[in-house]
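If you want the building blocks of each chain, they are given just below.
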Amino acid sequence: MTSFKTVQTLTAAALLLTGCGLTEPNPGLPRGAEPMAATAEFDAWFAKTETCAGLTGSLQSVQWYVVKGVDTFETDQGPKVGMWERSGSGSVIVVAGNYRNHEMVIRHEMLHSLIGQSGHPAEYFVERCGLTWETWSGD
Ligand SMILES: [Zn+2]
C-alpha cells in the first residue's frame, strides 16, 4: 500500500520538473531570444575592449543570445538593441539580430561584462572606450 503511494508521489514530482523545464520561458530573457555562438570577430572585439578598459575578463563566461530579424527587443526598461545581465559567475548578453555584427553594440555589452554592472560609468563608456552612440567613432 505504501509503495503505491510513493510511486504516485514520485511521478507527480517528475512531471512537475519536466513541465517546468520545458514550458516556462527563461524569465530573464526577452521574447524570441535564441542562443547564438560568438563569432571569430568577437575575440578581437573583446581584446580591444579589455585594452581600452584596462580590465581583463573571460569571453567564455558570456552566454550570447539573439532576437533575430529585429532592430530592438522589448525589456522591462523599454526597447533595446542590446542587454547585459549577470548570470551566476558569468554573463548573459542579448542582442537585436540586426546589430549582431555591429562592433559598438557588441563591445558595449562586452564592457558591461568586464565592469560587472549594468550602469554606464562615463570613465569606461565615454572616456576610455567611446562605446556609446554619441561617442562611437567607428562605423
Ligand atoms: Zn549599456
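Because the structure is a prediction, the values reported are computed rather than measured.

About the cut-offs
- Residues numbered from 1 in each chain as written.
- Predicted model: local features only at pLDDT ≥ 70, side-chain atom pairs only at ≥ 80, totals over all residues.
- Axes fitted to C-alpha atoms, helices over the stretch in contact; angles between N-to-C directions.
- Helix = DSSP H or I, 4+ residues; strand = E, 2+ residues; numbered from the N terminus.
- Parallel < 35°, antiparallel > 145°, perpendicular 65-115°, else oblique.
- Left-handed = near helix turned anticlockwise from the far one by under 90°.
- Contact = placed C-beta atoms within 7 Å.
- Nonpolar A, V, L, I, M, F, W, Y, C, P; charged D, E, K, R; others polar.
- Pairing = 2+ DSSP bridges.
- Core = buried A, V, L, I, M, F, W, Y, C linked by C-beta atoms within 7 Å.
- Buried ≥ 20, exposed ≤ 12 C-beta atoms within 10 Å, placed from the backbone.

**A closer look at the packing of helix H2 (residues 40-53) against helix H3 (residues 103-115)**
The geometry of H2 relative to H3 is characterised by a closest axis approach of 9 Å and an angle of 55° between their N-to-C directions. The pairing of H2 with H3 is recorded here as oblique in orientation. Remark: the crossing between H2 and H3 carries right-handed chirality. Where H2 abuts H3, its residues Phe42, Trp45, Phe46, Lys48, Thr49, Glu50 and Ala53 lie against Glu103, Ile106, Arg107, Met110, Leu111, Leu114 and Ile115. When grouped by side-chain class, the residues that make up the contact of H2 with H3 number nine nonpolar, one polar and four charged.

**Observations concerning the sheet that holds strand E4 (residues 90-96)**
Spatially, four strands are ordered E1-E2-E4-E3 in an open sheet, and the strand pairing comes out mixed. Only two strands of the sheet have a single neighbouring strand rather than two, namely strand E1 (33-36) and strand E3 (82-87). Sheet twist, expressed as the mean angle between neighbouring strand axes with direction ignored, is 30°. Bridge count between strand E2 (residues 62-67) and E4: six bridges; the pairing is parallel. Following the sheet pairing, Val67 is matched in E4 by Ala96.

**Describing the nonpolar core**
One finds Val67, Ile93, Val94, Val95, Leu111 and Cys129 to be the most contacted residues of the largest nonpolar core, which totals 26 residues. Tallying contributions element by element places H3 first for this core, with six residues. The contacts of Leu111, once residues within four sequence positions are left out, are Thr49, Ala53, Tyr124, Phe125, Cys129 and Leu131.

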